[in-house]
Amino acid sequence: MMNRWLLPEDIADVLPAEARKVETLRRAMLDLYQSYGYELVAPPLLEFLDSLLTGTGSDLNLQTFKLVDQLSGRTLGLRADMTPQVARIDAHLLNREGVTRLCYAGSVAHARTPVGSSAREELQLGAEIYGCATWEADVEAISLLLKTLSLAGLNKVHLDLSHAGVLVGILDGQDIAKEDIAAIYSLLQSKDRPRLALWAKCLPTESADALMALTELNGSCSDVLAQAKQVLPKNKLIDEVLSQLTKIFTAASLLSEELELSIDLADLRGYQYHSGVMFAAYVDSLPQPIARGGRYDHVGQAFGRSRPATGFSIDLLTLASLSPAIGRKSAIVAPWINDVELLMKISDLRHGGEVVIQAMSGDTLQTAEYLCDRELVRQGSLWEVKKK
Ligand SMILES: N[C@@H](Cc1c[nH]c[nH+]1)C(=O)O
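Rules used in this analysis
- Residues numbered from 1 in each chain as written.
- Predicted model: local features only at pLDDT ≥ 70, side-chain atom pairs only at ≥ 80, totals over all residues.
- Heavy atoms only, no water.
- Pairing = 2+ DSSP bridges.
- Helix = DSSP H or I, 4+ residues; strand = E, 2+ residues; numbered from the N terminus.
- Contact = heavy atoms within 4.5 Å.
- Axes fitted to C-alpha atoms, helices over the stretch in contact; angles between N-to-C directions.
- Salt bridge = Lys/Arg side-chain N within 4 Å of Asp/Glu carboxyl O.
- Near = heavy atom within 4 Å.
- Polar contact = N/O pair within 3.5 Å; in protein donor to acceptor, adjacent residues only side chain to side chain.
- Areas by Shrake-Rupley, 256 points an atom, 1.4 Å probe, with all protein chains shown as cover.
- Nonpolar A, V, L, I, M, F, W, Y, C, P; charged D, E, K, R; others polar.
- UniProt positions renumbered as here; feature names shortened; annotations may be inferred.
- Buried < 20%, exposed > 50% of the residue type's maximum accessible area, 1.4 Å probe, protein only.
- Core = buried A, V, L, I, M, F, W, Y, C linked by side-chain atoms within 4.5 Å.
- Patch = residues over 30% accessible without salt bridge, like charges linked within 9 Å, V, L, I, M, F, W, Y side chains within 5 Å.
- Disulfide = S-S within 2.5 Å.

Caption draft 1: The sheet that holds strand 10 (residues 277-283), seen in detail. What the nine strands build is an open sheet, ordered 1-5-6-12-11-10-7-9-8; its pairing is mixed. If you trace the sheet from one side to the other, it starts and ends with strand 1 (39-40) and strand 8 (218-220), each paired once. Pairing of strand 7 (residues 157-163) with strand 9 (residues 259-264) involves five bridges; the strand directions are parallel. Counted as the bridge partner of Leu-159 is Leu-261 from strand 9. Lying on the sheet, helix 10 (residues 221-231) is in contact with strand 8 and strand 9; it crosses strand 8 at an angle near 125°.

This is how it looks when you write it as structure tokens:
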């Protein structure tokens, strides 16, 4: 007989001790974001596909599960990323003029398992800043990301900076179709030098050389920035890209002593909606980035209001799996009998923060999360806590 509880590939249950860890981290992070003035939002799990994907690229479309709405007959998308939804909330619903800080935590699903991962469902946690076009917002996002990792016990972090505008700057002034730019972008993402060289042949020498040089522009920030100034074309867009990267690198290097910073100008791992500085954070024992973020100034525009935007997101399930274990909470065992004194005592203890488990008949109290090291025993007419 078919196993009825077989789960789809790369979809899994989260069992008690792990689920508690995830929830403890979720609460800690949302409190942290609140202490910085971020407001919590909760966009829906499902939306009409066209609005869910407004202002994003084909990469997010490929990642999105689709289903038919029985009420409207229209196609719905199950979100694969909450960032564009939060941009919609800022652009459309809040309609504020100044800087808006929003945070969120919710499930997202990927139609295809992301490279290097073994899960198609994530508990995405993130923080986004709208209405600030300058480096302070990017640095605040990076700083909050580092605090998030540190609160989860991960202090040794490597941050790779990149910029979605480099390619635009290299191809500036060339008559190249949008689809061709997307094709070059994905070759850069996969660092496919031979096929890039074929594309480069169609470009003027300066752009062709810069495109090929891009795949080598990675390493320590100051070296890469100095080299980039020499090999990339000299135009306004490239100047802007390099000056933004310099500002962010300088400010980020002051954030933590344990932070290692590097630049990889061909590391275009972000989604196609990213438009400016992008970053990816790496920790030991995970080959793929633990968190990603960056600028996406054009998503709000697609919702009718152009707003500068930057932020980061991280999968809480992955974060919890790398975070040191939380010790088992100790608990008090009480009998399940009709006794008003006992019920009052239990209520007081729970109110005071203790875990009290009332053992039912035949209950062997096998819990992954609680260590039952004390019990409630009757002393005359009173109930007292004694060591087991
Ligand atoms: N949601 C993006 C990261 C991001 C958040 N904000 C800006 N960028 C991702 O999953 O790659």
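From this point on, the discussion continues.
Caption draft 2: Broad picture of the pattern of salt bridges. Across all of its chains, the model carries 19 salt bridges by this definition. Taken together, the shared-partner salt bridges in this structure form one network comprising Glu-23, Arg-26 and Arg-27.

Caption draft 3: Inspection of the site of the ligand at higher detail. Near the ligand you find 14 residues, and of these Asp-81, Thr-83, Glu-128, His-274 and Arg-292 are the closest. His-274 has a polar side-chain atom sitting 2.8 Å from a nitrogen atom of the ligand. Between the ligand and Gly-311 there is a distance of 3.4 Å, counted from a nitrogen atom to a backbone nitrogen or oxygen. Look at the ligand: alone it shows 300 Å² of surface, and the protein chains cover 95% of it. For the shell around the ligand, the secondary structure elements donating two or more residues are strand 6 (121-130), strand 11 (291-295) and strand 12 (309-315). Counted by class, the shell around the ligand contains four nonpolar, seven polar and three charged residues.

Caption draft 4: The arrangement of the UniProt feature "binding site: L-histidine" (unreviewed entry) in the chain in detail. The positions UniProt marks with the feature "binding site: L-histidine" (unreviewed entry) are Asp-81, Met-82, Thr-83, Gln-124, Glu-128 and Arg-269. Summarising the element assignment, Glu-128 is placed in strand 6. Excluding residues within four positions of it along the chain, Glu-128 makes contact with Tyr-38, Thr-83, Val-86, Thr-100, Arg-101, Leu-102, Tyr-104, Tyr-296, Thr-310, Gly-311 and Phe-312. In this structure the side chain of Glu-128 is engaged in a polar contact, spanning 3.3 Å, whose partner is the side chain of Thr-83. The residue Arg-269 is located in the loop between strand 9 and strand 10 in this model. A relative accessible area of 42% places Arg-269 in the partly exposed class. Sequence-distant contacts of Arg-269, that is, excluding residues within four places in its chain, are made with Gln-189, Tyr-282, Pro-289 and Arg-292.

Caption draft 5: Local environment of the nonpolar core. Tyr-33, Leu-232, Leu-265, Ile-290 and Leu-319 are the most contacted members of the largest nonpolar core, which has 75 residues in total. With eight residues, helix 5 (residues 135-151) is the largest single contributor of residues to this core. When near neighbours in sequence (up to four residues on either side) are disregarded, Leu-319 contacts Leu-25, Met-29, Thr-148, Leu-149, Ala-152, Leu-154, Ile-290 and Ile-314. If you look at the next biggest cluster of nonpolar residues, it comprises 20 residues, including Ala-80, Tyr-104, Tyr-273 and Phe-303.

Caption draft 6: Here's a closer look at the sheet that holds strand 13 (residues 329-335). Sheet architecture is open: four strands sit in the order 14-13-15-16, paired in mixed fashion. The sheet is open, and its two edges are formed by strand 14 (355-359) and strand 16 (382-387), each paired on a single side. Going across the sheet, the axis of each strand differs from the next one's by a mean of 35°, ignoring polarity. The pairing of strand 13 with strand 14 spans five bridges and is parallel. Note that in strand 14 the partner of Val-333 across the bridge is Ile-357.

Caption draft 7: Spatial organisation of a nonpolar patch on the surface. A contiguous nonpolar patch, built from Leu-45, Leu-46 and Leu-67 and spanning about 230 Å² of accessible area, is present on the exposed surface. Take Leu-46: it is sitting in strand 2 (residues 46-48).

Caption draft 8: Local environment of the state of the cysteines. Evaluated as defined, the whole model comprises zero disulfides. Cysteine Cys-103 remains unbridged, with the sulfur of Cys-132 as its closest cysteine sulfur at 18 Å.

Caption draft 9: Quick look at unusual backbone geometry. In this structure, Asp-10 is a non-glycine residue whose phi angle is positive, near 60°. With relative accessibility at 25%, the residue Asp-10 sits in the partly exposed group.

Caption draft 10: Expanded view of the pairing of strand 12. Counting buried positions along strand 12 yields seven of seven residues, so the element is predominantly enclosed. Residues of strand 12 alternate between two faces, with Ala-309, Gly-311, Ser-313 and Asp-315 on one and Thr-310, Phe-312 and Ile-314 on the opposite face, all of them buried. Relative to strand 12, strand 6 is paired through seven bridges, and the arrangement is antiparallel. Considered in strand 12, the bridge of Glu-128 is made with Gly-311. As defined by bridge partners, strand 11 adjoins strand 12 across five bridges and the pair is classed as antiparallel. The partner of Ala-291 across the bridge, within strand 12, is Ile-314.

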